[in-house]
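For reference, the chains in residue letters:
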Amino acid sequence: MTIATAPAPETVRVDLPGRAYDILIGNGLLEQAASHLQPLLRRKRVAIVTETRVAAHHLQTLLEAFSVAGIAASTLILPPGEGTKDWVHFTETADWLLSEKIERGDIVVAFGGGVIGDLAGFAAAVVRRGIRFVQIPTTLLAQVDSSVGGKTGINTAMGKNLVGAFHQPSLVLADIGLLDSLPRRDLLAGYGEVVKYGLLGDAAFFDWLEQNGPALAAGDLAARSYAVRRSCEMKAGIVMRDETEQGERALLNLGHTFCHALEAATGYSHRLLHGEGVAVGCALAFELSARLGLCSQEDPSRVRAHLRAMGMKTDIADIPGDLPDANGLLRLMGQDKKVVDGTLRFILARGIGEAFVTSDVPKETVLSVLADALAER
Ligand code: GLY
């Protein structure tokens, strides 16, 4: 059943010393964007970075909100897709901000999904040695993960997110009403990151998702609001304890070591969206944990059952087209940022909601998990 009315907006505070900010979660926040940004503005001027699909659906609403409030807004509209997160579009964005004479006291608005948030955030981090920015994430993935916590950056020929900076936003406006315009595949990909939070640290949240995930996917605003809030609360807590990923923050990469290898193997293409790779990666991380005797075999089965019930990509077999063999995938994992002293670090689990970081994983066990998963194709 779809609940028509949305709950009142909620706030999650990311209480970093000197860089504290709010994440507002609610329906219709886009229309109210000007009043939420107003207290941050030193002059009535913002620069919006977005992409064509978001612009087609939502830019007019945002521009009108600024215009009514007398805030001058200029807009850079980039192409959609992961390919935009590169040096070429970074240079374009940085040069555009300078040509628009955006000053340190102004605000850059990153208006889009993870690609736009990471790219615009990185440009804001380095142009004039740092301009404040506001995230208005338009995808579920960006609302629960990439817009929060200050990781910004671009991809290079060597791999994903290898050049970037920690630059915390000054505000995040997560308008759950915007999720209605997302293609179902993108919504479910973002849901992969939501499931990740339950799996890494909150078994009760995973139970809740098993019950409420289908309603969330169908458009239930109360379910969407709770899932985004709980995800942001968990991420905010982790970021406050470990902003620059010296330890605990690595838990947010549950499923990502496998995911990054699968994304590289599929050429960062439409064959596998990032959130889909996270979901498949989480199932593989639980399978690896079970094989190492860390958790019961029922845990990976339960993870896979939930992903399947949601109609999501669950196994390597769900990825279309050719893939490298197990050794090839393992080699691709070697480029992961979690490699320390040449040793791969994995996020494994002692049970649902009990993830931990370890380097103590025999290569043979990883290879056997991959080989078995590939054999199901
Ligand atoms: N997406 C992982 C992190 O923000 O640390």
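Small disclaimer: the values here were computed from a predicted structure and weren't measured.

Draft legend 1. How the structure looks around the packing of helix H12 (residues 326–333) against helix H13 (residues 363–375). In the contact formed by H12 and H13, the axes pass within 9 Å of each other and the chain directions differ by 125°. Compared by their axis directions, H12 and H13 come out oblique. When the axes of H12 and H13 are compared, the crossing they make is right-handed. Only Lys363, Val366, Leu367, Leu370, Ala371 and Leu374 of H13 make contact with H12, whose side of the interface consists of Ala326, Asn327, Leu329, Leu330 and Met333. A per-class count over the contact of H12 with H13 returns nine nonpolar, one polar and one charged.

Draft legend 2. View of empty space enclosed by the protein. For the coordinates displayed, the defined rule picks out one cavity of 30 Å³ or more. Quantified by volume, the largest cavity comes out at close to 30 Å³. Around the largest cavity sit Asn253, Leu254, Gly255, His256, Thr257, Phe258, Ala285, Phe346 and Ile347, which together line it. No other element matches the three residues that helix H9 (residues 256–265) contributes to the lining of the largest cavity. Its residues assigned to classes, the lining of the largest cavity shows five nonpolar, four polar and no charged.

Draft legend 3. Region of the structure containing the sheet that holds strand S2 (residues 21–26). Ordered by their spatial adjacency, seven strands build an open sheet running S1-S2-S9-S6-S5-S3-S4, and the pairing between neighbours is mixed. The open sheet has two free edges, formed respectively by strand S1 (10–14) and strand S4 (72–78), since each of these has just one partner strand. The mean inter-strand angle of the sheet, taken between neighbouring strand axes irrespective of direction, is 20°. For strand S3 (residues 45–51) and S4, the ladder comprises seven bridges, and the chain directions are parallel. Each bridged residue has a counterpart across the sheet, and for Glu51 the counterpart in S4 is Leu78. The strands touched by helix H4 (residues 114–126) within the sheet are S3, S4, strand S5 (107–112) and strand S6 (132–137), with S5 carrying the most contacts at an inclination of about 165°. Sitting on the sheet, helix H8 (residues 221–241) touches S1, S2 and strand S9 (171–175), and the angle it makes with S1 is about 15°.

Draft legend 4. Representation of the packing of aromatic side chains within the structure. Going through the model one piece at a time under the given rule, you end up with six aromatic pairs. Judged by centre distance (6.1 Å) and plane angle (80°), the rings of Trp87 and Phe90 are edge-to-face. Linking Trp87 with Phe90, this pair stays in helix H3 (residues 87–99), spanning three residues, or about one helical turn. Taking the relative accessible area as the measure of exposure, Trp87 reaches 43% and is therefore partly exposed. Phe90 gets classed as buried once you look at its relative accessible area, which sits at 11%. Judged by centre distance (6.0 Å) and plane angle (75°), the ring pair of Phe205 and Tyr226 falls under edge-to-face. With Phe205 in helix H7 (residues 203–218) and Tyr226 in helix H8, this pair connects stretches of sequence that are 21 residues apart.

Draft legend 5. Molecular detail of the pairing of S1. When S1 meets S2, the two strands line up antiparallel, connected through five bridges. Counterpart to Val12 in the pairing with S2 is Ile23. Two successive antiparallel strands, S1 and S2, enclose a turn made up of six residues, where Gly18 displays a positive phi of approximately 80°.

Draft legend 6. Broad picture of the site of the ligand. Residues in contact with the ligand, as listed here, are Asp145, Lys151, Lys235, Glu245, Arg249, Leu252 and Asn253. Between a nitrogen atom of the ligand and a side-chain N or O atom of Asp145, the distance comes to 3.0 Å. Between the ligand and Lys235, the relevant distance is 2.6 Å, taken from an oxygen atom to a side-chain nitrogen or oxygen of the residue. Looking at side-chain class alone, the shell around the ligand contains one nonpolar, one polar and five charged residues.

Draft legend 7. Representation of H12. Among the residues making up H12, those that are buried are Ala326, Gly328, Leu329, Leu330 and Met333. The opening residue of H12, the one whose side-chain oxygen lies 3.3 Å from the backbone nitrogen of Asn327, is Asp325.

Draft legend 8. Expanded view of the pairing of S2. Across the six residues that make up S2, a large majority, five, are buried. Where S2 lies against S9, five bridges are found, and the strand directions are parallel. Bridging from a neighbouring strand, Gly26 pairs with Asp175 of S9.

Draft legend 9. Inspection of the side chain of Glu243 at higher detail. Checked against the element boundaries, Glu243 lands in the loop between H8 and H9. In this structure Glu243 touches Leu16, Arg19, Phe166, Gln168 and Arg249, once residues within four positions along its chain are discounted.

Draft legend 10. Geometry of the side chain of Thr266. Topologically, Thr266 is positioned in the loop between H9 and helix H10 (274–291). The buried category is assigned to Thr266, whose relative accessible area is 3%. For Thr266, the residues in contact, after removing those within four places along its chain, are Arg271, Leu272, Ile319 and Leu323.

Cut-offs used in this document
Residues numbered from 1 in each chain as written. Predicted model: local features only at pLDDT ≥ 70, side-chain atom pairs only at ≥ 80, totals over all residues. Heavy atoms only, no water. Axes fitted to C-alpha atoms, helices over the stretch in contact; angles between N-to-C directions. Helix = DSSP H or I, 4+ residues; strand = E, 2+ residues; numbered from the N terminus. Parallel < 35°, antiparallel > 145°, perpendicular 65-115°, else oblique. Left-handed = near helix turned anticlockwise from the far one by under 90°. Contact = heavy atoms within 4.5 Å. Nonpolar A, V, L, I, M, F, W, Y, C, P; charged D, E, K, R; others polar. 1 Å grid on protein atoms, 1.4 Å probe; cavity = no way out; pocket = protein on both sides within 12 Å on 5 of 7 lines; lining within 4 Å. Points joined across faces, edges and corners; volume = space filled by probe spheres on them. Pairing = 2+ DSSP bridges. Phe/Tyr/Trp six-rings, centres within 6.5 Å; stacked < 30°, edge-to-face > 60°. Buried < 20%, exposed > 50% of the residue type's maximum accessible area, 1.4 Å probe, protein only. Near = heavy atom within 4 Å. Polar contact = N/O pair within 3.5 Å; in protein donor to acceptor, adjacent residues only side chain to side chain.

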